[in-house]
Amino acid sequence: MKKVVKFGGSSLASAQQFMKVGEIIRSEEDRKYVIPSAPGKRFDGDTKVTDMLYDCYRDAEEGKKFTDKLKAIKARYDEIIAGLKLPLSLDSEFKSIEENFKKQVGENYAASRGEYLNGIIMADYLGFAFIDAAKVIFFKEDGSYDEERTKEVLSTELSKHDRAVVPGFYGSLPDGTVKTFSRGGSDITGSIVAQAVHADVYENWTDVSGFLIADPRIIKQPVGIDTITYKELRELSYMGATVLHEEAIFPVRKEGIPINIRNTNAPEDNGTWIVESTCQKSKYVITGIAGKKGFCAINIEKDMMNAEIGFGRKVLNVFEDNGISFEHVPSGIDTLTVFVHQDEFMDKEQQVVTGIHRLAKPDTIDIEADLALIAVVGRGMKSTRGTAGRIFSALAHAKVNVKMIDQGSSELNIIIGVTNDDFETAISAIYNMFVEPIV
């Protein structure tokens, strides 16, 4: 058995948290490769080290004195080292960071130092080998992830070490410049390492015991999800569920490696298993509910639209030409609606309207703002009759007006459009219908 384990920022925010992580890793011989994040918040109102690094580097870019802010960052690490009673000094590392900040080597380099330094401490604390991610994880010239080169170099390097620490979040460009993944990218690093070593399990340790059926900010103490498929997770992540970076799914999915989301502060909990497929039935018809606010709908009408070849392409061409991605495109015989992010669309709305008129020549165009999209996801929906009807019933009972409903051909998810004001009410109503009454 071979496990890759990734720990989030809250799991590594202090020496006390480091000790919990050490106990978890040492409790199983199978936990061989560790991916640490940068130290997160120790308490409410605290600042994440990555945010401190961004702030410090901005001062360096603007020619301001930044050494006091860098000292504050060093103090965070020194506090962890002292708490762990390690004979370790990061003085030389911080001297290099200070010199590179003066040279203004880049914001990506600055942001990556949080994981880099935590990786050094973690390797020293565990007695594992330390492997700088910049030397084994690569990006292409255009900034996209270089999977082929990474797999070759990373697999070769890790084969030399029975146990190792690889910092999360970053890699390097062909010229050696440090490049980061998007925020939360340590999840991706863990997945890449799991793929490279052909791991049996990728454990992702955070501050919650796996995925919940709904957002706990909306539903008080929602039920947890025991098992979820990659496809279900992709749908929920896309619509706002944030326990795991959505791009972290792809490397392990190719290898069929299951992901186990676990809680550092409650290691006895089984957490959530993310798998390619399973014969295990969900406890409920739905697996999860997630959504986002801040959309608008562009409703386009034209008589006999369905008979006009290329009408949809012309409309979507206008959005592409204006650099706007669309979310959903439900249609009828004489109508086509394009859902887009409102903040992307607002400044370009009149260019888009003009472009659609010129290219597609519709009868009318109407724009509706302040909408929310909610995804109801579940592998159990495919084999259960009347799911959409129950959703409509729940929303009608809650006096929520449905603006749009769209179901994919996989029958894995149903997307519902409502007003921003009805967002929380709609999620509560759906949860109440499928899971349990909200007291």
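Residues numbered from 1 in each chain as written. Predicted model: local features only at pLDDT ≥ 70, side-chain atom pairs only at ≥ 80, totals over all residues. Heavy atoms only, no water.

K.L.:
Tell me about the overall build of the protein, and please be specific about residues and values.
P.N.:
In terms of helices and strands, the protein carries 14 helices and 16 strands. Taken over C-alpha atoms, the radius of gyration comes to 24 Å for the protein, in line with the 22 Å a tight globule of 439 residues would show. Viewed in the frame of its principal axes, the protein has a C-alpha envelope of about 75 × 50 × 40 Å. For the protein, the proportion of contacts with a sequence separation of at least 24, taken over those separated by at least 6, is 74%. When the 53 basic and 66 acidic side-chain charges of the protein are each reduced to a single mean position, those positions are 3 Å apart. (Helix = DSSP H or I, 4+ residues; strand = E, 2+ residues; numbered from the N terminus. Rg over C-alpha atoms; globule rule 2.2 N^0.38 Å. Contact = heavy atoms within 4.5 Å. Lys, Arg positive; Asp, Glu negative; His and termini not counted. Charge placed at Lys NZ, Arg CZ, Asp CG, Glu CD.)

K.L.:
Lay out the pattern of salt bridges in plain terms, naming residues and giving numbers.
P.N.:
The full count for this structure, using the stated rule, is 27 salt bridges. In this structure, K3 engages E28 in a salt bridge whose closest nitrogen and oxygen atoms are separated by 2.8 Å. Within this pair, whereas K3 is found in strand 1 (residues 3-7), its partner E28 is found in the loop between helix 1 (15-26) and strand 2 (31-36), the two being separated by 25 residues in sequence. A salt bridge links K293 to E424, with the nearest nitrogen and oxygen atoms 3.0 Å apart. Residue K293 is located in strand 11 (residues 288-301), and its partner E424 is located in helix 14 (residues 423-434); the two are separated by 131 residues in the primary sequence. (Salt bridge = Lys/Arg side-chain N within 4 Å of Asp/Glu carboxyl O.)

K.L.:
I'd like to hear about the pairing of strand 14 (residues 364-377), residue by residue, with values.
P.N.:
Two elements, strand 11 and strand 14, share 12 bridges in a ladder whose sense is antiparallel. In the strand pairing of strand 14, K292 is matched with L373. (Pairing = 2+ DSSP bridges.)

K.L.:
Please set out the environment of E320 residue by residue, giving values where relevant.
P.N.:
Turning to its location among the elements, E320 is positioned in helix 10 (residues 311-321). The exposed category is assigned to E320, whose relative accessible area is 57%. Separated by 15 residues in the primary sequence, E320 and M305 place their C-alpha atoms 21 Å from one another. (Buried < 20%, exposed > 50% of the residue type's maximum accessible area, 1.4 Å probe, protein only.)

K.L.:
Got a sec to walk through the sheet that holds strand 13 (residues 335-341)? Specific residues and values, please.
P.N.:
Pairing within the open sheet is antiparallel, and its 6 strands lie in the order 12-13-11-14-16-15. Only two strands of the sheet have a single partner each, and these edge strands are strand 12 (326-328) and strand 15 (404-407). Averaged over all pairs of adjacent strands, the angle between strand axes in this sheet comes to 40 degrees, irrespective of strand direction. Across the face of the sheet, helix 10 comes into contact with strand 11, strand 12 and strand 13 while running at roughly 20 degrees to strand 13. (Axes fitted to C-alpha atoms, helices over the stretch in contact; angles between N-to-C directions.)

K.L.:
Can you tell me about the packing of aromatic side chains, naming the residues and giving the values?
P.N.:
Applying the stated criterion across every chain yields a total of 10 aromatic pairs. Summarising the aromatic geometry, the rings of F139 and F181 are spaced 4.9 Å apart at their centres and angled 55 degrees between planes, so their arrangement reads as tilted. Note that F139 is positioned in the loop between strand 3 (129-130) and helix 6 (147-158) and F181 in the loop between strand 6 (178-180) and helix 7 (186-196), a separation of 42 residues in sequence. Judged by its relative accessible area of 2%, F139 falls in the buried class. (Phe/Tyr/Trp six-rings, centres within 6.5 Å; stacked < 30°, edge-to-face > 60°.)

K.L.:
Got a sec to walk through the nonpolar core? Specific residues and values, please.
P.N.:
Within the largest apolar cluster, 119 residues are counted, with the highest numbers of intra-cluster contacts made by F101 and L158. It is helix 5 (residues 107-126) that provides the largest number of residues to this core, a total of 10 residues. When residues no more than four places from it in sequence are discounted, the contact partners of L158 are Y33, I131, A164, V166, V193, A196 and V197. Counting residues in hydrophobic clusters, the runner-up holds 16 residues, among them C296, M305, V315 and V338. (Core = buried A, V, L, I, M, F, W, Y, C linked by side-chain atoms within 4.5 Å.)

K.L.:
I'd like a description of the side chain of S37, backed by residues and values.
P.N.:
As for its position among the elements, S37 is in the loop between strand 2 and helix 2 (49-61). At 3.4 Å, the side chain of S37 and the side chain of S186 are in polar contact. In this structure, S37 is in contact with K6, F7, G8, G9, L12, E115, N118 and S186, ignoring residues within four places of it in sequence. (Polar contact = N/O pair within 3.5 Å; in protein donor to acceptor, adjacent residues only side chain to side chain.)

K.L.:
Can you tell me about helix 1, naming the residues and giving the values?
P.N.:
Across its 12 residues, helix 1 extends 16 Å between first and last C-alpha, which sits within 8% of the 16 Å expected from 1.5 Å per residue. Among the residues making up helix 1, those that are buried are A15, Q17, F18, V21, G22, I24 and I25. Here the buried face of helix 1 lies against strand 1, strand 2, helix 3 (67-84), helix 5 and strand 7 (201-206). (Expected span 1.5 Å × (residues − 1).)

K.L.:
Tell me what's going on with helix 6, and back it up with residues and numbers.
P.N.:
Its 12 residues give helix 6 an end-to-end C-alpha distance of 16 Å, which sits within 8% of 16 Å, the value for a rise of 1.5 Å per residue. Every buried residue of helix 6 is accounted for by T150, L154 and L158. Down the axis of helix 6, the sector holding all buried residues measures 35 degrees, keeping them to one side. Away from the buried face of helix 6 by more than 90 degrees, exposed residues E148 and E152 are located. Against strand 2, strand 4 (164-165) and helix 7 lie the buried residues of helix 6. (Arc of directions from axis to C-beta.)

K.L.:
Summarise the sheet that holds strand 4; cite the residues concerned and give the values.
P.N.:
As summarised here, the arrangement of the 8 strands in space is 3-4-2-1-7-9-10-8, forming an open sheet in which the pairing is mixed. At either end of the open sheet lies a strand with only one pairing partner, and these are strand 3 and strand 8 (227-229). Sitting on the sheet, helix 1 is in contact with strand 1, strand 2 and strand 7, with an inclination near 170 degrees to strand 1. Against the sheet, helix 8 (residues 230-238) contacts strand 8, strand 9 (259-263) and strand 10 (272-275), and its axis sits at roughly 85 degrees relative to strand 8.

K.L.:
Describe the packing of helix 3 against helix 5, listing the residues and the values that go with them.
P.N.:
Two numbers describe how helix 3 lies on helix 5: the axes approach to 11 Å, and their chain directions differ by 10 degrees. Relative to helix 5, the element helix 3 is oriented roughly parallel. Taken together, the residues of helix 5 that come into contact with helix 3 (itself represented by Y77, I80, I81 and L84) are R113, G114, L117, N118, I121 and Y125. Of the residues that constitute the contact of helix 3 with helix 5, the class distribution is 7 nonpolar, 2 polar and 1 charged. (Parallel < 35°, antiparallel > 145°, perpendicular 65-115°, else oblique. Nonpolar A, V, L, I, M, F, W, Y, C, P; charged D, E, K, R; others polar.)

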